[in-house]
Every structure is written in C-alpha cells, then in structure tokens.
Amino acid sequence: MKRKDTFHITGMHCVVCAHNVENALSGLHGVFSASVNFAESTVDVEYDDTLVLSNQFYECVKSVGCELLDNTESKPASGKKDYKSTKIRTVIAWVFAVLVFYISVFVGNIQTSREFLAIITLLVLVYCCGRYYLNTFRGIIRGSFSIDTLVALSTGFTYLFSLSGTLFPDFWIKNYSSPPFYFDVALGITAFALLGRLFLCQVKNKSSLSIKKFASLMPVKAKVIMEDGIEIDSPVNSLQRGDKIYVGPNESIAADGTIIEGESLIEERMLGGESSPVLKSVGSKVFAGTINRKNAILVNVEKSGSQTVLAKIIDRLENVQNSESPVGKVAYGIVPAFVCAVLAISLLTYVIWLNVYGMYAFPQAFEAFIAVLAIGCPLAFYLSSRITVKAAIDRGALSNIFFKDAVTIENLAKVNLAVFSDVRALIEDIPYVKEKYLSSQCTKSDLTALYVVGNSKTNPFCKAIGDYAKNLAAEKHDGIDAERIVCEVTDYNSMPDNGIRFVYDEKKYWLGNVIFAKANGVDVDFYKTLLFNFPDDTSVVYFGSDNNLLAAFAIKEKLKDGVKETLMGLRRKGVRVYLLSDNDDKPSQALGHETGVDETIVTATVEEKARLIAQWQKQGNKLTLICDSNYNMSEVGVKPDVRIEMNGAIGSGLDSADVVLPSGNIMYIEKAIGFSREVKSLIKRNLYLTAIYNLIGIIIAAGAFYYLFDIMLSPIIAAAAAFCCIVYVVTNSLSVYKKNI
C-alpha cells in the first residue's frame, strides 16, 4: 500500500549530506520518492509498505553518516540535542584553538611544545571533527563529496603536515630551514567551521513568528463542566470528545465544538478573515483559538488537540514554509558540483605552485592548498534562497498574506497582468438602492415578501432590496411589523448569475437581472421609458410575479476603500488590470471607468472567462486571477499562474488558491506583488554576492597576489571569511522581517 511518512534527521552538516540521504533512500526497492528539507532536517518518503519497511530507512540513512529519528521523537527535541552537542564541540574547539595559538606564539617553536600540541590537537580534532572525518571516509567510498569533505581535508592535511614537522624536524630544517607548525591553523579552521554550524543550528531551531502567533491563540487550560456541575481546570491536550467546556467573556475557546448553551459574539478573524465578531448561538459551530467577546457560553467538544482547525492551520503553515523554490532547487543542485570544483581548484593550485616556484615553495603551495579548501563556501548558495523564502513566507503570514508555497512567491514576482474575475472583489459586500420604480400593482404583501427574502438570504442584493422594501412599506402603507410576520419563504431556488425564485404566502415571486426578467415574460423594452431616471452606473434588479413587473431597483455598488490607489500602484509596477463581469453592460463599464482598469469585459460567462485567461497566457503574460472566496473557476479548467483569493479561510483557502488574503483588503494585492518582487531581488543579490565572494576568495587564497605583493592568505583567515559569508547570507535573508508590507 502506498503511503507517505516524514522523518527527522540528525547529522546533516550541509546540503550535500541531504543530497546523499535522498539518493540513498530513493535507491531502496519500493521507495517512490524521497525529498529532504535541509533547513528543517526532515525527509518525506513516499513508499510501498508491502515492498519496504520503514525500519530499513534507519540503516540506509546511517550508511551515509546521518541518523533517522523515530517519529516519536519530536523535531524540537532532536534540534535542541543537535544544537547542544554542536555548542559543546564549538566551545572546546575555540578554547583549545586560542590555547594552542598562545603557546605557538609566546612559548615558541620548540620540540617539547610541538609534541604537546600534537597530542592536544589530535584529541580535539577527533572529538570535534570526528563526524566530518567519518562522513568524508564514507563519501569517498561512495564516490561523493560534501562540505564535510572540505573541512576534513583542510584540518586533516594541516595536522598531518604539522605532525611531520614534529616527528621529522631535521628533514624540514635541512630542506626548508624550519619545520611546519600549523596546529593552531587546524584548530582555527575547526573552530570557525563549528561556529558556522552552530549558527545554522540556531537559525533552524528558531520557530517562525507566524506559527508562534497562531499557537498563542490556544489557551493552556479549559474549564470543564463535570456531570455533577462542578467546574475543573483541565489541560487542553486532555480534552475528549463530548466534554463540556465553559467559555467566559474575552476568553479563548479551547476546542472545536458546538454551542449548547448561551449566545455571544465570536471573533474569528485569525481563522476565517471576518473583520468583526460573528453572532453565534445554540447549535452554532465554534473553533479553537477564536475569542468569545461578549457573553458566557457552554461548548460541547467535538475535536481537540491536533484535530482542531487551528492545529491543522499550524501544520499547513509549517509545510508551506518548508517548501522549496525553483531557484532553491537549482542552488541545491549546484552545491555538490561546487564542492568538487573547490577540491579540483585546490589540487590545481598546489600543482601550479610547485611547477612555478619549485619544491622549495612546498610550504607555500601547501598553505595555498589549505586556504582554498577553507575559504570555499558552497553552502551559502543554498542558504541564499532557502532562508530567504522561509522568512518571506513567515513575514507574509504575520501581515495576513498567506502564500501557498515558495513557487508562488517566484511566480507572483513575474506577474504582469492582474485579472479580477468579478466586480465583487472591488466593491463592498452591501450595496444600496439609489433609485426605484414601483408598479401600481405592488401591494404591501409584495413588499413584505421582498423584506422577508432579503433578511433570510445572504445575497447582498437581496439584503439591500429587502431593507429598502421595508422603508417603502412605511412610506406607502402602514409599515411592516417584523415581529408579526408569520409566513416564511418557501421553494427558494437560485439561478446562478441571473436571479432567484421563491414563494411567500402562497404567491410565486422572482427577482433578478434583465435576462431573468425577460425569461419570466416581462417586456423590458416597454418599461425602459419608465426607468429613464436610473443612473448608468447602477445595476437594475427586477421584481415580479409570473409575467407581471411589480418593481425595479437601481442598485449602486460602493467601491472598497483603497481600490483606486491599489490599481494605480499596480500600474506603476508594470501590471495591467482587467475586469471580467457578468453584470449589466453599463454599470460594469462605469465601474471599470471609475476604478481606472485597463479593460472591462462584460457579459462574460465562466466558460468565456476561462477562454480569455488561456488566451492571455498563450500571449506570454504571467497572470494572476483575483477572486472572491466563493468564486470557483477550477471546474472549467482555469489555471492562472497565481490565484489570489479574497476573504478566504486560511486552511481551506490554501487548498484552492496560491495566495489567501483573509482580511479581504484589496490594498494587500499590490503589497503581495511588491513584496514578492523584493524577495526575488534579495535572493538574486544573495546569489550574486555569494558567487563573487567565492570567485574572488578562491583567487586570493590560491596566492594570485603573491607574485605582486608577496602576500599569502592564512588558512585561518580563509576559514573566518567562509564563516562571515554564511553569517552575511543568513542575516541578509532574515532582513525580510524588516520590510514593510
């Protein structure tokens, strides 16, 4: 049976280690795919459990120098253990590096001190660099090299070179005037390599701020009401299905469930994007992490712990932040090749030195060889993309911009055409009636029917007309007493994009646009002269019974705040804006003119919209489709480069959309595009600077300026430069958090 599991890994020092783990697992019979996330120290394995057992994965990963952790051991625990181990080895390496340097400089190069330092250095290298040597040995057997190889070879050869000077001092004095004495260099390279490793462990173990933000919504304890009515404080993790919990005013709800007593306003902004609290009563669903803002309620627990919507959102955010961008995948593939290139260049440097300056320059040739190994920093290529993308997704979530994955950021940065699938993304949810036509046949009962259907349905047009009908009844008749209404709307039938039919007090009614009115036998052309005062920028909604027109309403839709500013900002960024609409021609054109979109296409069916989007993409446009959370065009095969969903719930929204804006604030569209471009620019800058550093650093380390200035780069300085390169790349990537959105 096909299944997919995620395991945590320790012992991965670089992306080449991750690459080796991937290759080893993928080579097992029965494994379909293995994908390692170096930044999170995890591996996703998809396999057939009838052909391979998960226990085989442990031995397989162990064969490449890493360790696969049991699923019962959490990632934070394993990460802290790795960090603690690395920290101890780093401190020891630095203490002895300083000690050995002090003895080398101030005690002097005497035989006794050399022998003492040889023993001390060997012990420190075995303890602090044992993993590097073991992984290098295994890699050589497999014919693969990693960043561990660079550290192991540079420290190992330096120690052996210095050891030869300790064991055979007369030979070196006879041929080269003094024996080599580089024990401090070996420990210095070790200290900087471990310091870089410790720095990366700290960055990897740091929880994302957005996940912390969501996790903080969950209370630590809940007030459980026992069968005898006694209230006890219980840990949230111990809640069971069927428990009854008491939630007081301004308290967070501890589990998903149903209200069984009370009525209150529930704030669900973090989960569903509702900007204001929602009224919930008996029978209403409530979710963990939402806040009870008014009255006390009693909730029957249905889901708790990892089964809640909030927990699934947190898991989803973790998966999103662990995704890899196309640039990152390329960088991931560059690292193994770059390690081999550094090894080749170091050997070439050694050979050129001996050929140019002869055997007398053997110490300088060896020093250049070690410096090239120490200064190369291929890991920075991978970190340039990986850390930046993770920080960018986290930063976006903190500002209520939720990206589906790393690919979305890259695609959004390339967008040059923004298409609004409907006018609903540009207008407020509740329109208003600007003008009316009322037939002499329209009675109080008809207006009451309008009022009832308007207040019983969520359609914003129905709501606006229903409220207006109540005011009309007050003007024309003696008003509508809502408390005395005994009839209900029955046989409600919605016709998408056209109108509705319903029955009230045994009378059939319909409400809809001009197409719907004609379908019900109304001579719309005859009534046009009666609607002469209806403004062109309004949508006309007709109301009637059978083939009789009872009323018509001119509905004005109010633009959302910031629409014009947003569209102007998009055009400044080189993004054209199109508006697709299935509403009446005149109001849609008027709305398009008012907002300043580049083109408005009206009376477009869903199939027509799909055809247009495909056509624009074939023309080479990178297109983002902006739509409401209730608008679904996937059924007709619409596949925009980026789908932005307004007013969507985070969890379910990321299943269908690439970017979710829960707040529905249209200004965040421009911010999301601008932010993605800044992130892409930052990744490119990191990659360029990393390439320049490695190019110039290797040239200098190889001794290119020795002939001109008689200067050689110390291997310790080279190792320090590699450490500084990693620190720069990581800190520059984390600068994403400082960007304003």
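Check the entry above for the structure.
Keep in mind that what you see is a predicted model, and the values were worked out from it rather than measured.

**Considering the overall build of the chain**
Thought 1: Along the chain, the regular secondary structure elements total 25 helices and 27 strands.
Thought 2: Within the chain, the fraction of its 741 residues that count as buried is 52%.
Thought 3: Accessible area for the chain stands at about 33900 Å²; split by element, carbon and sulfur atoms hold 56% of it.

**Thoughts on the packing of aromatic side chains**
Thought 1: For the structure shown, the criterion picks out 23 aromatic pairs.
Thought 2: Between Phe366 and Phe369 the ring centres are 6.2 Å apart and the planes differ by 45°, which places this aromatic pair in the tilted class. A residue pair is termed a helical-turn pair when its members lie 3 or 4 positions apart in one helix, as Phe366 and Phe369 do in helix α12 (residues 362–375) at three residues. Here Phe366 matches Phe369 in class, with each residue buried.

**As for the nonpolar core**
Thought 1: Counting 118 residues, the largest nonpolar core has Val21, Leu25, Phe57, Leu383, Leu412, Phe420 and Ile669 as its most contacted members.
Thought 2: In terms of residues, this core owes the most to one element, helix α23 (residues 667–701), which gives twelve residues.
Thought 3: In contact with Leu25, not counting residues within four places along its chain, are Val31, Ala34, Val43, Val45, Phe57, Cys60 and Val61.
Thought 4: Counting 25 residues, the second largest nonpolar core, distinct from the first, contains Leu447, Ala469, Tyr504 and Leu511.

**A few points about the sheet that holds strand β22 (residues 548–556)**
Thought 1: Taken together, the six strands give an open sheet; going across it, the order is β17-β22-β21-β20-β19-β18, and neighbouring strands pair in antiparallel fashion. Lying at the two open borders of the sheet, with one neighbouring strand each, are β17 (432–438) and β18 (490–495). Ignoring which end each strand starts from, the neighbouring axes of this sheet average 15° apart.
Thought 2: Bridge analysis of strand β21 (residues 539–545) against β22 gives seven bridges, and the strand direction is antiparallel. Each bridged residue has a counterpart across the sheet, and for Ser545 the counterpart in β22 is Asn548.

**Focus: the pattern of salt bridges**
Thought 1: Across all of its chains, the model carries eight salt bridges by this definition.
Thought 2: We note a salt bridge from Lys573 to Glu670, for which the minimum N-O separation is 3.1 Å. Here Glu670 lies in helix α23 and Lys573 lies in the loop between α19 (563–572) and β23 (576–580), a separation of 97 residues in the sequence.
Thought 3: On the accessibility criterion, Glu670 (17% relative accessible area) is buried.

**Some remarks on helix α2 (residues 55–62)**
Thought 1: For α2, the full list of buried residues reads Phe57, Cys60 and Val61. Projection of α2 onto a plane perpendicular to its axis shows the buried side chains occupying an angular sector of 95°, all on one side. For α2, the exposed residues lying more than 90 degrees away from the buried face are Asn55, Glu59 and Lys62.

**So, the side chain of Arg643**
Thought 1: Checked against the element boundaries, Arg643 lands in strand β26 (residues 642–646).
Thought 2: Classification of Arg643 as buried rests on a relative accessible area of 10%.
Thought 3: A distance of 2.9 Å separates a polar atom in the side chain of Arg643 from a polar atom in the side chain of Glu645.

**Considering the sheet that holds strand β7 (residues 244–247)**
Two strands in a sheet stick together by hydrogen bonds in their backbones, pointing the same way (parallel) or opposite ways (antiparallel).
Thought 1: Overall, antiparallel pairing links the six strands, which are arranged β6-β5-β7-β14-β9-β12 in an open sheet. A strand with exactly one partner marks an edge of an open sheet, and here the two such strands are β6 (231–235) and β12 (285–286).
Thought 2: Here strand β9 (residues 256–261) runs beside β12; their pairing, made up of two bridges, is antiparallel. Note that in β12 the partner of Gly257 across the bridge is Val286.

**Focus: the packing of helix α11 (residues 326–357) against α23**
Thought 1: One way to put it is that α11 packs onto α23 with a least axis distance of 13 Å and a crossing angle of 0°. When the axis of α11 is compared with that of α23, the two are roughly parallel. Between α11 and α23, the residues in contact are Val327, Phe338, Val342 and Ile345 and Ile683, Leu687, Asn694 and Ile698, respectively.
Thought 2: Partitioned by chemical class, the residues of the contact of α11 with α23 number seven nonpolar, one polar and no charged.

**Some remarks on α11**
Thought 1: The terminal C-alpha atoms of α11 lie 46 Å apart, and with 32 residues this matches the ideal 46 Å at 1.5 Å per residue to within 8%.
Thought 2: The largest bend in α11 comes to about 30°, at Val335, with the proline Pro336 one to four residues further on.
Thought 3: Phi for Gly358, located one or two positions after α11, is positive at around 85°.

About the criteria used
Residues numbered from 1 in each chain as written. Predicted model: local features only at pLDDT ≥ 70, side-chain atom pairs only at ≥ 80, totals over all residues. Heavy atoms only, no water. Helix = DSSP H or I, 4+ residues; strand = E, 2+ residues; numbered from the N terminus. Buried < 20%, exposed > 50% of the residue type's maximum accessible area, 1.4 Å probe, protein only. Areas by Shrake-Rupley, 256 points an atom, 1.4 Å probe, with all protein chains shown as cover. Phe/Tyr/Trp six-rings, centres within 6.5 Å; stacked < 30°, edge-to-face > 60°. Core = buried A, V, L, I, M, F, W, Y, C linked by side-chain atoms within 4.5 Å. Contact = heavy atoms within 4.5 Å. Pairing = 2+ DSSP bridges. Axes fitted to C-alpha atoms, helices over the stretch in contact; angles between N-to-C directions. Salt bridge = Lys/Arg side-chain N within 4 Å of Asp/Glu carboxyl O. Arc of directions from axis to C-beta. Polar contact = N/O pair within 3.5 Å; in protein donor to acceptor, adjacent residues only side chain to side chain. Parallel < 35°, antiparallel > 145°, perpendicular 65-115°, else oblique. Nonpolar A, V, L, I, M, F, W, Y, C, P; charged D, E, K, R; others polar. Expected span 1.5 Å × (residues − 1). Bend = angle between axes of the 7 residues up to and from the residue.

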